[in-house]
Amino acid sequence: VSLGPTLSVVTVADSREALEKELATLRGGSGTVALVPTMGALHEGHLTLIDRAKELADSVAVSVFVNRLQFGPNEDFRTYPRALERDVRLATERGARLVFAPDETVMYPRATPDIQVEPGRLGDRLCGAFRPGHFRGVLTVVAKLFGLLRPDVAIFGRKDYQQALLIRRMVEDLDLGVRIEVAPTVREHDGLALSSRNAYLSAPERADALGLWRALDAADRLFRGGEVRSQSLLAAFQERIAAHAHLAPQYVEIVHPDTLTPLESAVPGAVMAAAVFCGSTRLIDNVVFGAAADPRIAVGSRA
Ligand code: AMP
């Protein structure tokens, strides 16, 4: 698909060749490429990663691929929102020069690859404890995307803190030679972290979903006020979650930012990470204690 002279868009099908061609055009000799990997259903969080990518390289590629390997058998692979045409429009309007949206057989010609990337111990913590194999699937697809697009830099969101940490570690440990950038979590005007899965929420669930951010923010405020005991900070979180009928916590932990091991006492830069079910929708979020406030989107604006 071509959207005019400056916007080349690769969509679907047998497009490894098309991808190569587009990449050669983008690089035009020495131009650098930034990759923003996504599962689509793009929102302002993804688009902000594109903004950051534009600052870091000559051109921006966005991948859109709902990666079966990272979904558990009872998870939402089938129902995950898909909106490729809209994604292509939003990404190109925001300045992406290439949208790589392979279909399943292009990405996984052998259905399930024989060789996958094992995250090791870091992948067993936090979300990994509840989603066996999830991070193996994530790292495998990201490694493949790095191999296919050979970007100079790739941008990930802090909302998926453990994912970004694991990708950084993979690149270091396997010397993949891609610079990794992590961008702040973009939030709704009321604080809820943007997520493609927010689309699953009913109106009453959406109202309660805000409780996740409120509970993390409350703990961060207590920390800023001088409370460092993790037990107290976690209790404050739990108390606020319990006030919302639709919220059921899966885990909440205060961990070291590099090792993800639980901390008895919080320090600046420690990460409080949580997953809660809001109805049947699983939401994750985190706060880095003492860090600058995350960006919010304006009231009423919608990607
Ligand atoms: P996903 O499409 O959910 O797999 O996310 C693709 C990328 O966008 C990942 O690096 C996410 O961390 C990032 N992302 C998702 N939501 C947000 C958000 N609210 N703010 C910033 N980045 C985000």
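Anyway, here's the lowdown on the structure attached to this text. Only a predicted model underlies this, so the values are computations on that prediction, with no experimental measurement involved.

**So, the pattern of salt bridges**
Step number 1: The full count for this structure, using the stated rule, is 19 salt bridges.
Step number 2: Among the ionic pairs, Asp 51 bridges to Arg 94, the shortest N-O distance being 2.9 Å. You can see Asp 51 sitting in helix α2 (residues 44–56) and its partner Arg 94 sitting in the loop between α3 (84–93) and β4 (98–101), a full 43 residues away along the chain.
Step number 3: Taking relative accessible area as the criterion, Arg 94 reaches 22% and is therefore assigned partly exposed.
Step number 4: Note that Glu 227 and Arg 229 form a salt bridge whose closest N and O atoms lie 2.8 Å from each other.
Step number 5: Overlapping salt bridges bring together Glu 44, Asp 51, Lys 54 and Arg 94 as one network.

**With respect to the site of the ligand**
Step number 1: Around the ligand, a shell composed of 17 residues is seen, among which His 46, Gly 157, Asp 160, Val 186 and Leu 194 lie nearest.
Step number 2: Separating an oxygen atom of the ligand from a side-chain N or O atom of His 46 is a distance of 2.9 Å.
Step number 3: With respect to the ligand, the side chain of Asp 160 contributes an N or O atom lying 2.6 Å from an oxygen atom.
Step number 4: Notes on the ligand: free accessible area 490 Å², of which the protein chains cover 93%.
Step number 5: The set of elements that each furnish at least two residues to the shell around the ligand consists of β2 (33–38), α2 and β5 (153–157).
Step number 6: Take the shell around the ligand: its biggest share by element is 3 residues, from α2.
Step number 7: Per-class residue counts for the shell around the ligand are 8 nonpolar, 7 polar and 2 charged.

**Regarding the side chain of Arg 131**
Step number 1: With respect to the secondary-structure elements, Arg 131 resides in the loop between α5 (127–130) and α6 (134–149).
Step number 2: We classify Arg 131 as buried; its relative accessible area is 10%.
Step number 3: If sequence neighbours within four positions are ignored, Arg 131 has contacts with Gln 70, Glu 75, Arg 197 and Arg 282.

**Looking at the packing of α6 against helix α7 (residues 161–173)**
Step number 1: It is at 10 Å that the axes of α6 and α7 come closest, and there the two elements cross at 50°. As far as their axial angle goes, α7 and α6 are oblique. As for how α6 packs across α7, the hand of that crossing is right-handed. Counted together, Phe 135, Val 138, Leu 139, Val 142, Ala 143 and Phe 146 of α6 and Gln 162, Gln 163, Leu 166, Ile 167, Met 170 and Val 171 of α7 form the full contact between these two elements.

**With respect to the sheet that holds strand β7 (residues 247–255)**
Step number 1: With antiparallel pairing, 3 strands are arranged side by side in an open sheet as β7-β8-β9. The open sheet is flanked by β7 and β9 (281–288), the only strands paired with a single partner. Within the sheet, the average angular offset between the axes of one strand and its neighbour, ignoring direction, is 15°.
Step number 2: Sheet topology places β7 next to strand β8 (residues 271–278); 8 bridges connect them, and they run antiparallel. The residue bridging Ile 254 from the neighbouring strand is Met 272, located in β8.
Step number 3: Packing against the sheet, helix α8 (residues 203–224) makes contact with β7, β8 and β9, and its axis sits at approximately 25° to β9.
Step number 4: Here helix α9 (residues 230–242) sits on the sheet and contacts β7 and β8; the angle it forms with β7, its principal contact strand, is near 160°.

**With respect to α2**
Step number 1: Between its terminal C-alpha atoms α2 stretches 19 Å, which fits the 18 Å expected from 13 residues at 1.5 Å a residue.
Step number 2: Along α2, the residues that are buried comprise Glu 44, Gly 45, His 46, Leu 47, Leu 49, Ile 50, Ala 53 and Leu 56.
Step number 3: Where α2 is buried, its residues contact β2, β3 (59–64), α3, β5 and β6 (179–183).

**Focus: the packing of aromatic side chains**
Step number 1: Going through the model one piece at a time under the given rule, you end up with 5 aromatic pairs.
Step number 2: Ring centres of Phe 71 and Tyr 80 lie 5.9 Å apart, and the angle between their planes is 75°; this geometry places the pair in the edge-to-face category. A single burial state applies to Phe 71 and to Tyr 80, both of which are buried.
Step number 3: Taken together through their ring pairs, the aromatic side chains of Phe 71, Phe 77 and Tyr 80 make up a single cluster.
Step number 4: In this structure, Arg 82 is placed above the aromatic ring of Phe 77, and the distance from its NZ or CZ to the ring centre is 5.0 Å.
Step number 5: Stacked on the ring of Trp 213, the Lys or Arg Arg 187 has its end atom at 3.8 Å from the ring centre.

How each quantity is defined
- Residues numbered from 1 in each chain as written.
- Predicted model: local features only at pLDDT ≥ 70, side-chain atom pairs only at ≥ 80, totals over all residues.
- Heavy atoms only, no water.
- Salt bridge = Lys/Arg side-chain N within 4 Å of Asp/Glu carboxyl O.
- Helix = DSSP H or I, 4+ residues; strand = E, 2+ residues; numbered from the N terminus.
- Buried < 20%, exposed > 50% of the residue type's maximum accessible area, 1.4 Å probe, protein only.
- Near = heavy atom within 4 Å.
- Polar contact = N/O pair within 3.5 Å; in protein donor to acceptor, adjacent residues only side chain to side chain.
- Areas by Shrake-Rupley, 256 points an atom, 1.4 Å probe, with all protein chains shown as cover.
- Nonpolar A, V, L, I, M, F, W, Y, C, P; charged D, E, K, R; others polar.
- Contact = heavy atoms within 4.5 Å.
- Axes fitted to C-alpha atoms, helices over the stretch in contact; angles between N-to-C directions.
- Parallel < 35°, antiparallel > 145°, perpendicular 65-115°, else oblique.
- Left-handed = near helix turned anticlockwise from the far one by under 90°.
- Pairing = 2+ DSSP bridges.
- Expected span 1.5 Å × (residues − 1).
- Phe/Tyr/Trp six-rings, centres within 6.5 Å; stacked < 30°, edge-to-face > 60°.
- Lys NZ or Arg CZ within 6 Å of the ring centre and 35° of its normal.

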